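Below, each chain spelled out in residue letters.
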Amino acid sequence: MGSKKNRFVARVLPLLMLLIIFLTGCSSPKNAAQNGLTGKTVKTFVDGTGKEVKISCPVDKIVCLTSGVSEILYALDSADKMIGRDSYSIFPADLEKIPVMAKSSFSPNLEAIIKSAPDVVIADTMLKDDLRAKLEEAGLPVLVYTTSYPHETALVVKQMGELTGKEERAAKLIAFSDKYYQLIKDRVARLPEDKKPRIYYEWNKPYYSAGDKTPANDRIALSGGKNLAAGQKVKYPELTPEWLAGQNPQIIIRMSSREEGADKMKALYDEILSRPALQQTTAVSQKKVSIMSWGLGTGIRSVIGSLHWAKWFHPDTFSDIDPEAAHRQLLKDFYHMELKGTWVYPPAK
Amino acid sequence: MMRSSLAGGNAPGKAERDFYARLTSHKILTIILLSLALLAVLGIALGLGSANISWEDFWQVFKGAVSPAPASQETGSKLARTVIINLRLPRALLATLAGCSLAGAGAMMQGILRNPLADPYILGISAGASFGAALAVVLGLGKLAGFTLAQGYVVVASAFTFGLLATFIIYGLASLRALAPETLVLAGVALGYLFSAGVSLLKYLSSHEELRELTLWLMGGLAGAKWQSLFLLFPVCLAALAFLWRSSWDLNALGAGEEVAANLGVNLGRLRRNGAVGASLLASATVTFTGIIGFVGLVAPHLGRFLVGSDHRYLIPASCLLGAILLLLADTLARTVASPIEIPVGVITSLIGVPFFLSLLFRERRRWWS
């Protein structure tokens, strides 16, 4: 019977196909690439994930896939060493000239990165461990950081200084932030507990807040406020309006995204003031509602954000402090830029 | 074997036999051609990418990888070898395997439910599997980063459990009342919503580190494909496909109607149970490594039916090959079309699949089963 034979062929063929494909895959050699060392010092970095990475410094070519570190590299006058970036690394605008090699750390174009042969790849924690392993297999050192907390930002600045041979400038940048953080800490430490206002912090959506162990929670405490959402079981809880009304927040802070300008910030402000559930609260009835851009929420400029918050929470204690002037100086000293745009709403009087 | 001679008739005339043999050889030829097409697409997928490797380098690397000589260090440039062997090859093989499995699962579901709209994605099986895997991640049953084989199988098992649960709910609904094919799809969509709600809840409740892993995992995709995952996925899929393929004759009989199949001695209950288990296993194991990729399981079997007809002995392998080709092409497009930025592969499969699905909805379903 011919059909029987055919049946056999039809049965075996696909299996054979799969087998062949699979076996050719298995026979691939493991790649162990090694960069040639050219008289540079090899330094060991412990990155934000606690991983030890050896890199010969100073590096010449950097691919940076996280905006928080890109702005630090720029501040250290090392943007010229960046040969690749992610699509969100657009502050300062000069960075836009650098080729994009990833939408974000989540989706790096491994081929483009490996082909450009950088001395180091820098990413944030959205980089999958598998992808990190792929880059390392190709012989590229990978550093992963987050810049949500001030201490993380300081660590990144210090390590970027060592990486690029700009230790002195890095120390200056850290000193700039430290000076203001210390000032806030010292003054807040002298305040009695009952003088600290109850803060409702809202991030990207109405009634979405941040609980314990979040950067926002720490920053509220730093600037001398009491986070109403602290102690919630969920890290980023959605609060019910009536519970919030019952807690009677004295100050409301709402974050707006980096791209949003003055118009959008004003719209957010008006929307919060018009929420029926919050009408009776101290914050709304006294119009103590402030909108702040994410640009001042993380990374280098979060110290400016903290200065604003401290002044909002305790206007008398911080009456001599001008956050906008500090912002202007930071931009001038480290970014060679003038202060432009709206970063907080309503603007300080 | 026994059934094959039963269905084939006891003493066909010579002319009939010749006709049948011609038909059969035509189908086998199609499958061979599809296999060759798959190899060609695999070649294209390995050759294209943002690193712009020249075909000459590509050929050197290919020769180096295929030849048994250990001196492969010198073949091709280092960049070409890294990119092709470490980046493109595992990814292309994962796409092949995933496309194959999803299409096989789709063909099986369409067969046992006698429903042209069946597909692991549409029926909510993928969503169920995704919930199962997410649960395993949050409970810390298997750390998805840094797979060892055992941990990987734990996540697959959890995905499989919930994928199977979804399948049996769908199957139960289908057998409880004689539901119209479209209604079954609605039930699948509802199940899908239920399981994604479950995933949202998991996200909401999980801690920072779990959340990171869960989010990364849920975003899915074929990038970062590893040999370990292939080693894990390959035997599972091969076994499940072989298992399903064995029931080809029963499926053929079922295609002629439940009563016909029962009269021919097909154990319908067992066929459906086995088919559901096999299809769920295929879909769940795939989802564990690639995240949810829609519509491959719908489109491939229909193309297969168009090329080789509805004889499942040929339909299942043809669908698998087509599924592999489809997903491989989709992924290659996803990698290259907006280079250097990648677009999610699910976007491409949906762009192909949704119009296809809609056209099926509006066509009489009879046509596909004649």
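Residues numbered from 1 in each chain as written. Chains lettered and ligands numbered in written order. Predicted model: local features only at pLDDT ≥ 70, side-chain atom pairs only at ≥ 80, totals over all residues.

Points about the overall build of chain B
Piece 1. Secondary structure assignment for chain B yields 15 helices and zero strands.
Piece 2. Residues classed as buried in chain B amount to 51% of the 370 residues present.
Piece 3. Counting only contacts in chain B whose residues sit at least 6 apart along the sequence, the fraction spanning at least 24 positions is 77%. (Helix = DSSP H or I, 4+ residues; strand = E, 2+ residues; numbered from the N terminus. Buried ≥ 20, exposed ≤ 12 C-beta atoms within 10 Å, placed from the backbone. Contact = placed C-beta atoms within 7 Å.)

Examining the sheet that holds strand β5 (residues 100-102) of chain A
Residues and elements named next belong to chain A.
Piece 1. Pairing is parallel across the open sheet formed by five strands, whose spatial order is β5-β4-β3-β6-β7. Both edges of this open sheet fall to β5 and β7 (142-144), since each of them pairs with a single strand only. Taken over all neighbouring pairs, the strand axes of this sheet differ in orientation by 25° on average, direction set aside.
Piece 2. Sheet topology note: the strand β3 (residues 62-64)/strand β6 (residues 120-123) ladder contains three bridges and is parallel. Paired with Cys 64 across the strands is Ile 122, a residue of β6. (Pairing = 2+ DSSP bridges. Axes fitted to C-alpha atoms, helices over the stretch in contact; angles between N-to-C directions.)

Some thoughts on the sheet that holds strand β10 (residues 251-256) of chain A
Residue and element names in this part refer to chain A.
Piece 1. Taking strand neighbours across the sheet as the criterion, the five strands line up as β9-β8-β10-β11-β12 in an open arrangement whose pairing is mixed. Single-partner strands in this sheet number two, and they are β9 (226-227) and β12 (344-345).
Piece 2. Sheet topology note: the β10/strand β11 (residues 289-293) ladder contains five bridges and is parallel. Across the sheet, Arg 254 pairs through a bridge with Ile 291, a residue of β11.
Piece 3. Strands in contact with helix α11 (residues 302-313) are β10, β11 and β12; relative to β11, the strand with the most contacts, it is inclined by about 175°.

Remarks on helix α3 (residues 55-66) of chain B
Residues and elements named next belong to chain B.
Piece 1. For α3, built from twelve residues, the straight-helix expectation of 16 Å at 1.5 Å per residue is met to within 8% by its first-to-last C-alpha distance of 16 Å.
Piece 2. Along α3, the residues that are buried comprise Asp 57, Val 61, Phe 62 and Gly 64. Along the long axis of α3, the arc covered by the buried residues comes to 165°, so they all point the same way. Structural note: α3 exposes Trp 55, Glu 56 and Val 66 on the side pointing more than 90 degrees away from its buried face.
Piece 3. Buried residues along α3 sit in contact with α4 (78-113). (Expected span 1.5 Å × (residues − 1). Arc of directions from axis to C-beta.)

Considering the packing of helix α2 (residues 67-75) of chain A against helix α5 (residues 150-164) of chain A
Helix packing geometry: the angle between the two helix axes and the distance between the axes.
Residues and elements named next belong to chain A.
Piece 1. Packing of α2 against α5 brings their axes to within 10 Å, and their N-to-C directions diverge by 50°. By the angle class used here, α2 and α5 are oblique. At the point where α2 passes α5, the crossing takes the right-handed sense. Of the residues in α5, those touching α2 at Val 69, Ile 72 and Leu 73 are Val 156, Val 157 and Met 160.
Piece 2. Of the residues assigned to the contact of α2 with α5, the class counts are six nonpolar, no polar and no charged. (Parallel < 35°, antiparallel > 145°, perpendicular 65-115°, else oblique. Left-handed = near helix turned anticlockwise from the far one by under 90°. Nonpolar A, V, L, I, M, F, W, Y, C, P; charged D, E, K, R; others polar.)

Some remarks on the nonpolar core
Piece 1. By size, the foremost hydrophobic cluster in this structure holds 184 residues, and its most contacted members are Leu73(A), Val121(A), Ile122(A) and Cys237(B).
Piece 2. When residues of this core are sorted by domain, at least three fall in each of domain 1 (41-165) and domain 2 (191-345) of chain A.
Piece 3. Apart from the residues lying within four places of it in its own chain, the contact partners of Ile122(A) are Ile62(A), Cys64(A), Leu65(A), Thr66(A), Val69(A), Leu143(A) and Tyr145(A).
Piece 4. Counting residues in hydrophobic clusters, the runner-up holds six residues, among them Trp249(B), Ala253(B), Leu254(B) and Ala261(B). (Core = buried A, V, L, I, M, F, W, Y, C linked by C-beta atoms within 7 Å. Domains from an automatic or database assignment.)

A closer look at the domain arrangement of chain A
Residue and element names in this part refer to chain A.
Piece 1. Annotation of chain A at the domain level lists domain 1 (41-165) and domain 2 (191-345).
Piece 2. Summarising the inter-unit geometry, the C-alpha centres of domain 1 and domain 2 are found 30 Å apart.
Piece 3. Counting from both sides, the interface comprises eleven residues of domain 1 and, opposite them, nine residues of domain 2.
Piece 4. Of all the secondary structure elements, the ones that give two or more residues to the side of domain 1 that touches domain 2 are α2 and α5.
Piece 5. Considering each element in turn, the side of domain 1 that touches domain 2 owes the most residues, five residues, to α2.

Digging into the environment of Leu333(B)
Piece 1. With respect to the helices and strands, Leu333(B) occurs in helix α14 (residues 312-336).
Piece 2. Residues Leu333(B) and Ala98(B), spaced 235 residues apart in sequence, show a C-alpha to C-alpha distance of 16 Å.

Notes on the pairing of β6(A)
All names here are of chain A.
Piece 1. Of the two faces of β6, the one carrying Val 120 and Ile 122 and the one carrying Val 121 and Ala 123 are both buried.
Piece 2. Taken together, the three bridges between β6 and β7 define a ladder with parallel strand orientation. The residue of β7 that forms the bridge with Ala 123 is Val 144.

Some words on unusual backbone geometry
Excluding glycine, a negative phi dihedral is what most residues carry, and trans is how most peptide bonds are arranged.
Residue and element names in this part refer to chain A.
Piece 1. Cis rather than trans, the peptide bond between Cys 57 and Pro 58 has omega equal to -5°.
Piece 2. Along the chain, the position of Pro 58 falls in the loop between β2 (52-57) and β3.
Piece 3. Cis geometry marks the peptide bond from Phe 91 to Pro 92; its omega dihedral reads -10°.
Piece 4. Within the element layout of this structure, Pro 92 appears in the loop between β4 (82-86) and β5.
Piece 5. Of note in this structure, Lys 213 is not a glycine but carries a positive phi near 55°.
Piece 6. Of note, Lys 213 is situated in the loop between β8 (198-202) and α7 (215-222).
Piece 7. A count of 11 C-beta atoms within 10 Å places Lys 213 in the exposed class.
Piece 8. The backbone phi angle of His 336 is positive, close to 55°, even though this residue is not glycine.

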